[in-house]
Amino acid sequence: MLIVLLTKLIATAVVVIGVSLAVGRLGPRLGGIIAGTPIILGPGYFFMLQEHGTAFIQAAALSTLHALVATLLFSISFVVTAGRLSALASLGIATLCWVPAALLLSQVPGGVGVAVLMYLGMLLVAEGVRRVLRLRQPVIVARSGWFDLVLRGLLAGVLVSVATTLAVKSGPLLSGMLVGFPVGLFTIGWTLHERYGPDVARATVSMAQKGMLSLVAFGAVTATLVGHLPPMAVFLLSLLASMSVSATLFMISQRRFRRAYASRYGVVDR
């Protein structure tokens with residue numbers, strides 16, 4: 001059991017740190033979008049798809065989708081409170097919001113479609129909060145240090161190893177919920193708040209809200225296809241759906257950036 005836990009922990013940590021290093025070289029403007037890629041869900045469901053049956057995976061994936069709705073509430077809470085409170089106090093309040101929300105949402109009847117609609121509804125609320133607070137894209141180049149990367153990798157590794165090994169004894173609800181916990185937003189909010197101040201942290205976390213649509217795509221495709229295709233095919237198609245959403249968000253971001261640049265400096269946008 002211990003060897004299995006350590007193997008999953010190390011494998012997940014390596015994936016998270018590796019992807020984070022790659023993201024750092026793509027530039028800070030994409031940080032919020034890339035933060036939503038399935039660097040934690042991916043390893044979590046890779047292991048679960050190999051070890052559990054269709055019913056377990058479907059229930060876990062639905063639980064993860066509900067947890068992602070709660071994650072939007074987590075991000076809203078942090079964005080609202082981080083301007084006045086310390087990083088850890090804001091993250092503590094956000095976590096206290098996430099836990100009961102994830103538990104309550106898991107009791108909502110309906111399948112994948114209902115969960116996706118709930119996410120979209122909460123995303124509209126998050127967008128409204130962002131507009132009211134007038135949060136803007138941070139202008140500081142906020143690169144992750146080795147402490148940030150190792151911390152994020154270890155936290156993700158612990159979460160995935162526990163969720164896919166120990167928590168499975170309590171059923172798919174807890175496993176799906178744990179892999180949906182916002183480790184990335186937690187570490188991003190903490191380190192950026194301490195290093196660059198609340199404005200940069202709030203703006204970056206706010207930017208990640210739309211990026212998490214890629215996680216929703218991953219969970220929805222997993223829940224829909226499991227049992228119909230081999231486990232590895234389900235995993236690869238879920239990953240492809242997730243990355244396609246991230247790519248679409250990236251292209252939209254690029255286009256908006258070019259339009260804003262053209263409008264500001266009088267350049268013709270072709």
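Our structure is the block above this text.
A short tour of the structure in this document, coming up. It should be emphasised that the depicted structure is a prediction, and the values quoted were computed from it without experimental measurement.

Considering the overall build of the protein
For step 1, the next point in the chain: When its secondary structure is counted, the protein shows twelve helices and zero strands.
For step 2, the next point in the chain: In the protein, the order of α-helices and β-strands from amino to carboxyl end is α-α-α-α-α-α-α-α-α-α-α-α.
For step 3, the next point in the chain: Looking at the protein as a whole, 47% of its 270 residues qualify as buried.
For step 4, the next point in the chain: Pairs at least 24 apart in sequence give 81% of the contacts found in the protein among residues at least 6 apart.

Overview of the packing of helix 4 (residues 54-81) against helix 5 (residues 87-105)
For step 1, the next point in the chain: The N-to-C vectors of helix 4 and helix 5 enclose an angle of 155°; their axes lie 8 Å apart at closest approach. Put simply, helix 4 runs roughly antiparallel to helix 5. Between helix 4 and helix 5 lies a crossing of right-handed hand. Where helix 4 approaches helix 5, its residues His66, Ala67, Val69, Ala70, Thr71, Leu73, Phe74, Ser77, Phe78 and Thr81 are matched on the opposing element by Ala87, Ser90, Leu91, Ile93, Ala94, Thr95, Cys97, Trp98, Ala101, Ala102 and Leu105.

Structural notes on the environment of Ala94
For step 1, the next point in the chain: Position of Ala94 relative to the elements: it lies in helix 5.
For step 2, the next point in the chain: In this structure Ala94 comes out as buried when scored by relative accessible area, which is 0%.
For step 3, the next point in the chain: The spacing of Ala94 and Ile76 is 18 residues in sequence and 8.0 Å in space, taken between C-alpha atoms.
For step 4, the next point in the chain: When sequence neighbours within four positions are dropped, the list of residues in contact with Ala94 reads Phe74, Ser77 and Phe78.

About the thresholds
Residues numbered from 1 in each chain as written. Predicted model: local features only at pLDDT ≥ 70, side-chain atom pairs only at ≥ 80, totals over all residues. Heavy atoms only, no water. Helix = DSSP H or I, 4+ residues; strand = E, 2+ residues; numbered from the N terminus. Buried < 20%, exposed > 50% of the residue type's maximum accessible area, 1.4 Å probe, protein only. Contact = heavy atoms within 4.5 Å. Axes fitted to C-alpha atoms, helices over the stretch in contact; angles between N-to-C directions. Parallel < 35°, antiparallel > 145°, perpendicular 65-115°, else oblique. Left-handed = near helix turned anticlockwise from the far one by under 90°.

Nothing here speaks to function; it is all geometry.
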